[in-house]
Each structure stands twice: as C-alpha cells, then as structure tokens.
Amino acid sequence: MSKKKKDWKTEKERLLRLDGEERRKEYRRQDFIPLEKIPTWREENRANRKEEGKEVPGRGGLSDKVSLYKGDITVLEVDAIVNAANSSLLGGGGVDGCIHKAAGSCLYDECHSLNGCDTGKAKITCGYDLPARYVIHTVGPVARGHVSTTETNDLTSCYQNSLRLVKEHGLSSVAFPCISTGIYGFPNEPAADIALKTVKRWIEENPDSITLVIFCVFLETDFNIYKKKMAAIFQDNDMEVPEDQQKEDDTPPSPNSTVKEETEEDDNAVIQCDSQIQSPALGGRKEETGDEEEGDNDAEEKEEDVEMASQNPEDDTRDNAPNQEETKETNENQEEKEEVEIINDTAEGDNQGKNKEDTAEEDQPASKDEDSQATTVEMEDVSEINDTGTSNREEMKDHVESSEEPNSIPTDSNQSKDTVEKKD
Ligand SMILES: NC(=O)c1ccc[n+]([C@H]2O[C@H](COP(=O)([O-])OP(=O)(O)OC[C@H]3O[C@@H](n4cnc5c(N)ncnc54)[C@H](O)[C@@H]3O)[C@@H](O)[C@H]2O)c1
C-alpha cells in the first residue's frame, strides 16, 4: 500500500507551526545535531587554549558567531541549511542529492513550484523531514577549474543572497556547504576565501541579525583549508568586551577538542550522505519562503588561470575540531604569513548588472579526477552537466520518492555515474 502523497503546501504550513519536541518527531533521522552542541569558533579555540593553560579574554565578537563543522549538513538542527543546487532546483547529486533525500518528496514538489533559480541567486523552501526548518537553495557558478571575475561575483552573490533570505525570514542560524567546489569545479581555496570574507562582512553589517553561521565542510581538504583561514580571519579576541561584562568562561573544554592527526586522505573512500564523518558534538553552545533574491552581477570577462587542487574524497573517520597545538601553530603561522588574500575585493561590495546565467549554463564544469595522485590538476577536458542537474525531471522525482528508503542514499560514486549529458 503506497503512502498517500502529501500536499507540500499543507505539509509546509503544518510543520512550520510545530516547535520543540513536536517538530523533532517529524525528523526523518533522529541522529540530528542540536545547535547547542556545535561550538563557536571562539569556544573551540578557548577550550584548546585552556588546556594549554592560556586564558582567552573577551567575549562576543565575530568568532562567537561562526562555527566550523565537518560532516553531513542534513543532520544539523539549524534554522536553515543552504543547498548547492542547480538551476532547475529539481535535485541531482552531491549535497543537493543528500538534502532532497533527507527532506522527502515534498521538497521536490515545492522546488518544482519555484520554476528554477539563476546562478548567484537564492530561493527558500521548507525543510520538511530535515532537522533544519528551511532550505535555502542557491546556484553556484560552474567554474571548471578557472576563476574569473564572473565566477567570483556569482559565488559571492550565492552567500550574500542566502544571508539576505536568512535576515528577511528572521532566521538566526544557518549552515553553508562548500558551494560550487564539488561537481561545479570551483577551486577549494578561492571558494573558501569568498565564503569566509563574504560572511564576515555580512555579520559585521548585520551583527544583530544572526546567532551562528556554520561552515559545514565535508572533505578533509576543506576542513584544513577553513581551519587555517578562519584562524586568520576570525581572530579569537576580535572584540574587546568591557571588564564588567566579562565573566569567567565556564565553557567545558570540548571533549573532543584534541587535534586529530591529519590522516592521509583515502582516495578510495566513497562519500555518502549519511556517513558518520561528523565533527564531534561539542559542549557549550546556545541557541534560532520561495522568495527569489535578486542578486545581480557585474560580469567583466577577465580570465585568470587557477590550477585546481584535486579534491580527494576524505577517509571516513571522525574528525576533531581545531586543537590547541594546531590552532596555536596556525595562529603563529598566520603572523608570519602575509595577510589572507581576498580575491577580487570589489566583488563583495558591489554586485551590479545582469547575472550571467546563460554563460554559467553553457559552461562545461570540469570532470574532476578524484583518483588523481597529483596535488593539483590542470583542468583538461570537461564534461558537461545537464543544465537541469538531472537526466530528466520525472526520473529525479521518482528517484526522490523511491529513495524514501534509508538505504538508497545517492553516493558520490553513484553521482559520478549519474547521467551527465553532452549538449551537442
Ligand atoms: N549529475 C547530477 O545531477 C549531479 C551530480 C553530482 C552533483 N550534482 C550537484 O552538483 C551541482 C552543484 O555542484 P556543486 O559543486 O555546487 O555541489 P556538490 O557537487 O554537491 O559539492 C559541494 C560540496 O558539498 C560537499 N558535500 C557533499 N555532500 C554533502 C553533505 N551531505 N553535507 C555537506 N556537504 C556535502 C561536497 O563534498 C562539496 O565539498 C548540482 O547540479 C547538484 O545537483 C548533480
């Protein structure tokens, strides 16, 4: 007997009215991570420094408003998770496939009603069976290993427009995956620079509109990149707090904040949506629709060739948040290193002009050689992603519905076998 198909509008209205325990009963997965279990960047550093016997003064500031989390974004109990979607918004693979699978078929139905999304823009839906109340779908640029002004502007717009929807909907916590760095081939380091600098600037301009922005990385590569850059960009004592406001920080040292030796990435590991490669749920944290956000871009064509670091799938072991040794070393390194470079500073401030959706659609993303032993790969031949992000819409819908069962989660290995059609 097939389950009666739910009407997404009715379901959305019902779910968004629920709160607390009632809402939690609706989660498809009960191994969710509550927000209070995700330490801020400052709490991470503070716990590590305490172990080192160093007091970390001050409270508040930017490093209390961001977190680095390594693992599956679909288990985070936050107000919104951001989906790295394609312009059809009808699902596909990668984080997009994981989110659709975890949210259930109502997500597909609501997305279908949105009639797609342009590159750099963002649209919001209900989270349905996810622990996240909302999903913000944004379409990153297809970079194919090259980063020009267009791709930089488009990726910046993804973060800006997603955060704009957070503010417009009065949300207070949001988690971002590493947008465009998977099948769309945006190099990991420049993408991390854009993500961190765009979010930092937005928080500086909207300090009362957000409680926590979580950078949710999935790969060891990205975890190490973000850890290093966040140590430079989100300084621990970044805002002096008046003496009378400081209180003895009784944040318990995070049980898992000893560094995990950086392991060799296992090139053969297959990344799965529901794998338990999540950051430790650490102590000490606190807490809390289909509008398209117009995000335009000024598109000057200025090709800069960027060699793309190969992205090896990570091994499937739990990872630990930055620990005192690593953070200390990183911080010391940071003092020696020149300032973190900001790619195309102007891109973050002003986005003018029409977004180059067509160009992005026509672009052909790189086919990443994940087994490559080389640390960087020159982007050679590319294969093209079908611009709907799936081989066909009905197939995707069936896929989501049939994948209601827990064991049919798309994995990257399946995704690489996905239909990726060549346009003639
Ligand atoms: N053939 C397909 O339809 C197909 C295949 C693969 C990916 N996709 C997806 O890829 C396109 C977007 O490319 P993209 O590079 O922006 O996205 P992506 O390929 O999903 O990669 C973005 C980042 O998300 C990471 N990631 C993967 N799963 C999770 C997870 N469960 N939690 C957190 N992070 C995760 C992934 O490692 C990468 O760092 C869209 O078309 C989307 O559908 C489609």
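Criteria and cut-off values
- Residues numbered from 1 in each chain as written.
- Predicted model: local features only at pLDDT ≥ 70, side-chain atom pairs only at ≥ 80, totals over all residues.
- Heavy atoms only, no water.
- Pairing = 2+ DSSP bridges.
- Helix = DSSP H or I, 4+ residues; strand = E, 2+ residues; numbered from the N terminus.
- Axes fitted to C-alpha atoms, helices over the stretch in contact; angles between N-to-C directions.
- Contact = heavy atoms within 4.5 Å.
- Buried < 20%, exposed > 50% of the residue type's maximum accessible area, 1.4 Å probe, protein only.
- Salt bridge = Lys/Arg side-chain N within 4 Å of Asp/Glu carboxyl O.

(A) Highlighting the sheet that holds strand β6 (residues 134-139). Taken in spatial order, the six strands make up an open sheet running β2-β8-β7-β4-β6-β5, and their pairing is mixed. In the strand order of this sheet, the two ends are held by β2 (66-70) and β5 (122-126), each with one partner. Taking the axes of each pair of neighbouring strands and ignoring which way they run, one obtains an average angle of 25° across the sheet. The pairing of strand β7 (residues 173-176) with strand β8 (residues 212-217) spans four bridges and is parallel. Looking at β8, one finds that alanine 175 is bridged to isoleucine 214. This element, helix α7 (residues 188-205), spans β2, β7 and β8 of the sheet and lies at about 170° to β8. Most of the contacts of helix α8 (residues 220-233) go to β2, to which it runs at about 160°, and overall it touches β2 and β8.

(B) Spatial organisation of unusual backbone geometry. Residues other than glycine seldom take positive phi values, yet arginine 144 does so here, at roughly 45°. In this fold, arginine 144 is placed in the loop between β6 and α6 (149-168). According to the relative accessible area criterion, arginine 144 is partly exposed, its value standing at 29%. Even without being a glycine, serine 180 presents a positive backbone phi close to 70°.

(C) Quick peek at the pattern of salt bridges. Applying the stated criterion across every chain yields a total of 18 salt bridges. Among the salt bridges present, the one from glutamate 26 reaches arginine 14, with a minimum N-O distance of 2.9 Å. Of this pair, glutamate 26 sits in the loop between α2 (20-24) and β1 (33-34) while arginine 14 sits in helix α1 (residues 8-17), and the two are 12 residues apart along the sequence. For glutamate 189, the salt bridge goes to lysine 229, with nearest N and O atoms at 3.1 Å. Taken together, the residues span a long stretch of sequence, with glutamate 189 in helix α7 and lysine 229 in helix α8 at a distance of 40 residues. For glutamate 189, a relative accessible area of 38% gives the class partly exposed. For lysine 229, a relative accessible area of 11% puts it in the buried group. Salt bridges here are not isolated pairs; linked through shared partners, they connect Lys6, Glu11, Arg14 and Glu26.

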